Amino acid sequence: MKKRIVFTGGAGKAGRHVVPYLVDHGYEVLNVDLVPLNHPGVNTLIADIADSGEMFNALSSHFGFEGFETGKGPAPIDAVVHFAAVPRVLIKPDNETFRINTIGTYNVIEAAVKLGIRKVIIASSETTYGVCFAEGDKDFHQFPLEEDYDIDPMDSYGLSKLVNEKTARAFAMRTGADIYALRIGNVIEPHEYDRFPAFLADPMSRKRNAWSYIDARDLGQIVDLAIRKDGLGFQVFNAVNDTITATIPTQEFLAKYCPNVPIRRKLGEFEGPLSNRKTREVLGFREEHDWRKYVPVK
Ligand SMILES: NC(=O)c1ccc[n+]([C@@H]2O[C@H](COP(=O)([O-])OP(=O)(O)OC[C@H]3O[C@@H](n4cnc5c(N)ncnc54)[C@H](O)[C@@H]3O)[C@@H](O)[C@H]2O)c1
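Residues numbered from 1 in each chain as written. Predicted model: local features only at pLDDT ≥ 70, side-chain atom pairs only at ≥ 80, totals over all residues. Heavy atoms only, no water.

Student: Can you break down the layout of surface pockets residue by residue, with the values?
Tutor: Estimates place the volume of the largest pocket at around 1000 Å³. Taken together, 39 residues line the largest pocket, and the ones lying closest to its centre are Phe83, Ala85, Val86, Pro87 and Arg88. (1 Å grid on protein atoms, 1.4 Å probe; cavity = no way out; pocket = protein on both sides within 12 Å on 5 of 7 lines; lining within 4 Å. Points joined across faces, edges and corners; volume = space filled by probe spheres on them.)

This is the structure:
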């Protein structure tokens, strides 16, 4: 039997790569979004995450007309992947970004666990590390950025993602469900590697992203692995690729560009300052799309 996944926000920048990855890896997917995703075999239910009733409905729905054939009602759902959100500041007013993201995530997780779904993956963000949308030139506390960092965003979007991690943890404790938050780095689609020469030419332009990124297809792999890995309760995983977006080794690079930030452990030669070590060790992530495959390095 194919695993049945409800995916929120599948029509967005990340979802339009992650959903096809999941379909290619044997999942049946229902997209829940405000706009449709055009992908064969994937129906979109137009629904608003900020509306709890719509989320309870969406998570107890047929995926498509074939659902009527059994005569037994909608089949159980194996996991929910929740990506729908206002994905940064300055799209909507700050209070709307905070409201939609926090209430939306509360609604999706609550509906999932109260309907008996035992696995929820949510999209958290690199912005929780506090520098991405900070006022002024803020330094990180330490390197590498790992999941036990004292996250302290000052902006409304990063704060909404921090709150969402707490919401996830509360529901995991209350119900025993597995709820994993992916701290997703800057998502790079296949056509976006032409941005990298500019990243390399102006290293400080990538400080806010901690010189890290996630290939949208590799993000698909991480979501797949997270769906398959059971029994971990509440967890946070950095969802980024392996290496720094620079041509000099990481420790040398950080000594040059962030001389005042302590280095907490020895980093791999080109390890990303936002490290995916836990994601590799616990989920078994093996990246397929290192940026050097697509960008000529002088
Ligand atoms: N793009 C990045 O670099 C990045 C980095 C870190 C985290 N994230 C997170 O990853 C997730 C996906 O990001 P993305 O870049 O694909 O964003 P996106 O804006 O391209 O896609 C988000 C999707 O959510 C949908 N959506 C928005 N509000 C909704 C609502 N009220 N109800 C239902 N659907 C709604 C949108 O229609 C859209 O299809 C988000 O949670 C975002 O915060 C993104």
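Student: How would you explain the packing of helix α1 (residues 15-24) against helix α6 (residues 216-228) if you had to name every residue and give the values?
Tutor: Think of two packed helices as two axes; the pair is described by the angle between the axes and how far apart they sit. With their axes 8 Å apart at the nearest point, α1 and α6 run at an angle of 50° to one another. As far as their axial angle goes, α6 and α1 are oblique. The interaxial crossing formed by α1 with α6 has right-handed handedness. When α1 is examined against α6, the residues His17, Val18, Tyr21 and Leu22 are found in contact with a partner set consisting of Ala216, Arg217, Leu219, Gly220, Gln221, Val223, Asp224 and Ile227. By residue class, the composition of the contact of α1 with α6 is seven nonpolar, three polar and two charged. (Axes fitted to C-alpha atoms, helices over the stretch in contact; angles between N-to-C directions. Helix = DSSP H or I, 4+ residues; strand = E, 2+ residues; numbered from the N terminus. Parallel < 35°, antiparallel > 145°, perpendicular 65-115°, else oblique. Left-handed = near helix turned anticlockwise from the far one by under 90°. Contact = heavy atoms within 4.5 Å. Nonpolar A, V, L, I, M, F, W, Y, C, P; charged D, E, K, R; others polar.)

Student: Got a sec to walk through the side chain of Thr245? Specific residues and values, please.
Tutor: Mapped onto the elements of the fold, Thr245 is located in the loop between β9 (234-239) and α7 (250-257). If near-sequence neighbours (up to four positions away) are discounted, Thr245 is found in contact with Phe196, Leu200, Arg206, Trp211, Ser212, Tyr213 and Trp291.

Student: Any chance you could break down empty space enclosed by the protein for me, citing the residues and the numbers?
Tutor: Evaluation of the coordinates by the stated rule reveals one cavity of 30 Å³ or more. Surrounding the largest cavity, Glu126, Tyr129, Gly130, Val131, Cys132, Phe140, Leu145, Arg208, Asn209, Ala210 and Leu274 form its lining. Residue composition of the lining of the largest cavity, by class: seven nonpolar, two polar and two charged.

Student: Tell me what's going on with the site of the ligand, and back it up with residues and numbers.
Tutor: Neighbouring the ligand are 25 residues; Lys13, Ala14, Asp33, Asp48 and Tyr157 lie closest to it. In the environment of the ligand, an oxygen atom lies 2.8 Å from a nitrogen or oxygen atom belonging to the backbone of Ala14. Phe83 places a main-chain nitrogen or oxygen 2.8 Å from an oxygen atom of the ligand. Counting only elements with at least two residues in the shell around the ligand, the list comes to β5 (119-125) and α4 (156-175). Looking at which element gives the most residues to the shell around the ligand, the answer is β5, with three residues. (Near = heavy atom within 4 Å. Polar contact = N/O pair within 3.5 Å; in protein donor to acceptor, adjacent residues only side chain to side chain.)

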